[in-house]
Amino acid sequence: MSDKKIIFSGIQPSGSLTLGNYLGALKNFVNLQEEYNCYYCVVDMHAITVPKEPKELRKNTLQVLANYIAVGLDPDKSTLFIQSHVPAHAELAWILNCFTYFGELGRMTQFKDKSKKNEGNITVGLFDYPVLMVADILLYQADLVPVGEDQRQHLEITRDIAQRFNNRFSPTFTVPEPYIPKVGAKIMSLQDPTIKMSKSDTNENSFILLSDSPDDIRRKFKRAVTDSLGVVAINEEQLGIKNLLGIYTKITGEKIEDIVSRYEGKGYAEFKSDVADLVIEELKPIREKSEYLLKNKDYLEEIYAKGAQKAENAARKTLRKVQKKVGFIPKTFKIQQ
Ligand code: TRP
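Small disclaimer: the values here were computed from a predicted structure and weren't measured.

**Overview of the packing of helix 7 (residues 124-139) against helix 8 (residues 152-168)**
The packing of two helices is summarised by the inter-axis angle and the distance between the axes.
Here comes step 1: Where helix 7 meets helix 8, the closest approach of the two axes is 9 Å, and the angle between their N-to-C directions is 65°. The pairing of helix 7 with helix 8 is recorded here as roughly perpendicular in orientation. Both helix 7 and helix 8 take part in a crossing whose hand is right-handed. Side by side, helix 7 and helix 8 meet where Tyr129, Pro130, Met133, Val134, Ile137 and Leu138 of the first sit next to His154, Leu155, Ile157, Thr158, Ile161 and Ala162 of the second.
Here comes step 2: The class makeup of the residues in the contact of helix 7 with helix 8 is ten nonpolar, two polar and no charged.

In structure tokens, the structure reads:
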């Protein structure tokens, strides 16, 4: 086996991915795949913690996988797979449930937020969501977990549960570190730059989807909320412009000051139109490759089958250890199917 450090991350197939997912997470995944042994999962079991149409879920699951490949994740370098294909996730989650306290899950802010939105329909699955995420991460003995700031609390509970289990028995799990991009890395809504860009926003003009056409992208940037100051500058009063500058620098890699000085004396219209052009250029090959892949379902199946096999081998090893430690009788026989 390689002595590379292990990375695990997952994205929920809860809709088309946005420019925020891409610049905030996916683009980074690609940079990490040379240096680390990476597992990138499409977490379909997490997606059903809130009501989902089966047809939509199937479509979105393949779409996220296609997006993974289209942005440059290489199935020969990284393990790309679908969570429900590796039953060890559910099996480990059950065991870890028995090492997790009701109170600690009740304190999860994402649970509190999501249950407010789904009042009258709060399932045990939504409550237990973090434990499934803990299982995802610990199964692969991940050292690092690239996630957004909103997942920090889930990473903390992962570390707590790993340590608790290790202390109760003997060292079993690697205690992972979060790998959270610096502040300012977050892409905000184009309609309200105080909130995160999200595909579940009811206002379609607030987000850019990886599948958006050039015309859609141009229109959405034209309508992006700015301010009445009329000067391209970086400060906390001009959050809309700050967000657009963030998108600009993430795509070109230029320093913000250099971009700002280029727009001295120029209005927002030109700036917005240039940002739109950059985004259109950046997303064009991704959209085209994703569309191509989604028409080649056999190829996608080959990728996720191979990924599941690799993931299964790694996950089983951890699961066996855990089962043994808690006192389950080793399963030395095979059940005929
Ligand atoms: N909860 C994560 C999110 O919504 C997705 C996720 C599930 C995940 N399992 C994971 C992320 C394991 C990192 C590691 O963004």
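Past the structure itself, the notes keep going.
**Details of unusual backbone geometry**
Here comes step 1: Its identity is not glycine, yet Gln141 carries a phi of approximately 55°, on the positive side.
Here comes step 2: Turning to its location among the elements, Gln141 is positioned in the loop between helix 7 and strand 4 (144-146).
Here comes step 3: A relative accessible area of 16% means that Gln141 is categorised as buried.

**Thoughts on helix 8**
Here comes step 1: Taking 1.5 Å per residue, 17 residues should reach 24 Å; helix 8 reaches 24 Å between its end C-alpha atoms and fits that length.
Here comes step 2: Residues His154, Leu155, Ile157, Thr158, Ile161, Ala162, Phe165 and Asn166 constitute the buried set of helix 8. One face of helix 8 carries all of its buried residues, which in axial projection span an arc of 165°. When the buried face of helix 8 is taken as reference, the exposed residues oriented beyond 90 degrees from it are Asn167 and Arg168.

**Side note on the site of the ligand**
Here comes step 1: For the ligand, the set of nearby residues contains 13 residues, the closest of which are Gln12, Tyr129, Met133, Asp136 and Gln151.
Here comes step 2: One of the side-chain nitrogen or oxygen atoms of Tyr129 is found 2.7 Å away from a nitrogen atom of the ligand.
Here comes step 3: A distance of 2.7 Å separates a nitrogen atom of the ligand from a polar side-chain atom of Asp136.
Here comes step 4: Compared with its free state, where it exposes 360 Å², the ligand has 89% of that area covered by protein.
Here comes step 5: Going through the elements one at a time, strand 1 (6-11) and helix 7 are the ones with two or more residues in the shell around the ligand.
Here comes step 6: At four residues, the largest contribution of residues to the shell around the ligand is made by helix 7.
Here comes step 7: Residues belonging to the shell around the ligand are distributed by class as follows: seven nonpolar, five polar and one charged.

**With respect to the packing of helix 9 (residues 214-222) against helix 12 (residues 268-295)**
Here comes step 1: Where helix 9 meets helix 12, the closest approach of the two axes is 9 Å, and the angle between their N-to-C directions is 150°. Accordingly, the angle class assigned to the pair helix 9 and helix 12 is roughly antiparallel. Judged by the twist between their axes, the crossing of helix 9 over helix 12 is right-handed. Two secondary-structure elements touch here, helix 9 through Pro214, Ile217, Arg218, Phe221 and Lys222 and helix 12 through Lys272, Val275, Ala276, Asp277, Val279, Ile280, Leu283 and Arg287.

**Notes on the side chain of Asn60**
Here comes step 1: Assignment of secondary structure puts Asn60 in helix 3 (residues 54-71).
Here comes step 2: The residues touching Asn60, leaving out its near neighbours within four places in the chain, are Pro13, Ser14, Gly15 and Ser16.

**Concerning the domain arrangement of the protein chain**
Here comes step 1: Taken domain by domain, the protein chain comprises domain 1 (6-184 + 297-326) and domain 2 (204-292).
Here comes step 2: Domain 1 and domain 2 are separated by 30 Å when their C-alpha centres are compared.
Here comes step 3: A buried area of about 1300 Å², summed over both sides, lies between domain 1 and domain 2, and 68% of it is on carbon and sulfur atoms.
Here comes step 4: Among the residues of domain 1 in contact with domain 2, Leu19, Leu23 and Ala70 are the three that bury the most area, contributing 42% of the side total.
Here comes step 5: Seen at the junction of domain 1 and domain 2, the total is one salt bridge.
Here comes step 6: Residues Glu282 and Lys27 are paired through a salt bridge, measuring 2.9 Å at the closest nitrogen-oxygen approach.
Here comes step 7: Between the two partners, domain 1 and domain 2, sit six residue pairs in polar contact (both at pLDDT 80 or more).
Here comes step 8: Elements with a contribution of two residues or more to the side of domain 1 that touches domain 2: helix 1 (19-32) and helix 3.
Here comes step 9: For the side of domain 1 that touches domain 2, the leading source of residues is helix 3, giving six residues.
Here comes step 10: Within the side of domain 1 that touches domain 2, the residues separate by chemical class into nine nonpolar, four polar and one charged.

**A word on the packing of aromatic side chains**
Here comes step 1: The full count for this structure, using the stated rule, is 16 aromatic pairs.
Here comes step 2: Judged by centre distance (4.7 Å) and plane angle (45°), the rings of Phe165 and Phe169 are tilted.
Here comes step 3: With a relative accessible area of 0%, Phe165 lands in the buried category.
Here comes step 4: Judged by relative accessible area, Phe169 falls into the partly exposed class, the value being 24%.
Here comes step 5: Put simply, the rings of Phe8, Tyr39, Phe81 and Tyr140 touch in pairs and so form one group of aromatic residues.
Here comes step 6: Positioned above the aromatic ring of Phe169, the side-chain terminus of Arg168 is 4.6 Å from the ring centre.
Here comes step 7: In this structure, Lys266 packs its charged tip against the face of Tyr263, placed 5.8 Å from the ring centre.

Here is what the cut-offs are and how they apply
Residues numbered from 1 in each chain as written. Predicted model: local features only at pLDDT ≥ 70, side-chain atom pairs only at ≥ 80, totals over all residues. Heavy atoms only, no water. Axes fitted to C-alpha atoms, helices over the stretch in contact; angles between N-to-C directions. Helix = DSSP H or I, 4+ residues; strand = E, 2+ residues; numbered from the N terminus. Parallel < 35°, antiparallel > 145°, perpendicular 65-115°, else oblique. Left-handed = near helix turned anticlockwise from the far one by under 90°. Contact = heavy atoms within 4.5 Å. Nonpolar A, V, L, I, M, F, W, Y, C, P; charged D, E, K, R; others polar. Buried < 20%, exposed > 50% of the residue type's maximum accessible area, 1.4 Å probe, protein only. Expected span 1.5 Å × (residues − 1). Arc of directions from axis to C-beta. Near = heavy atom within 4 Å. Polar contact = N/O pair within 3.5 Å; in protein donor to acceptor, adjacent residues only side chain to side chain. Areas by Shrake-Rupley, 256 points an atom, 1.4 Å probe, with all protein chains shown as cover. Domains from an automatic or database assignment. Buried area = accessible area lost by both parts, 1.4 Å probe. Salt bridge = Lys/Arg side-chain N within 4 Å of Asp/Glu carboxyl O. Phe/Tyr/Trp six-rings, centres within 6.5 Å; stacked < 30°, edge-to-face > 60°. Lys NZ or Arg CZ within 6 Å of the ring centre and 35° of its normal.

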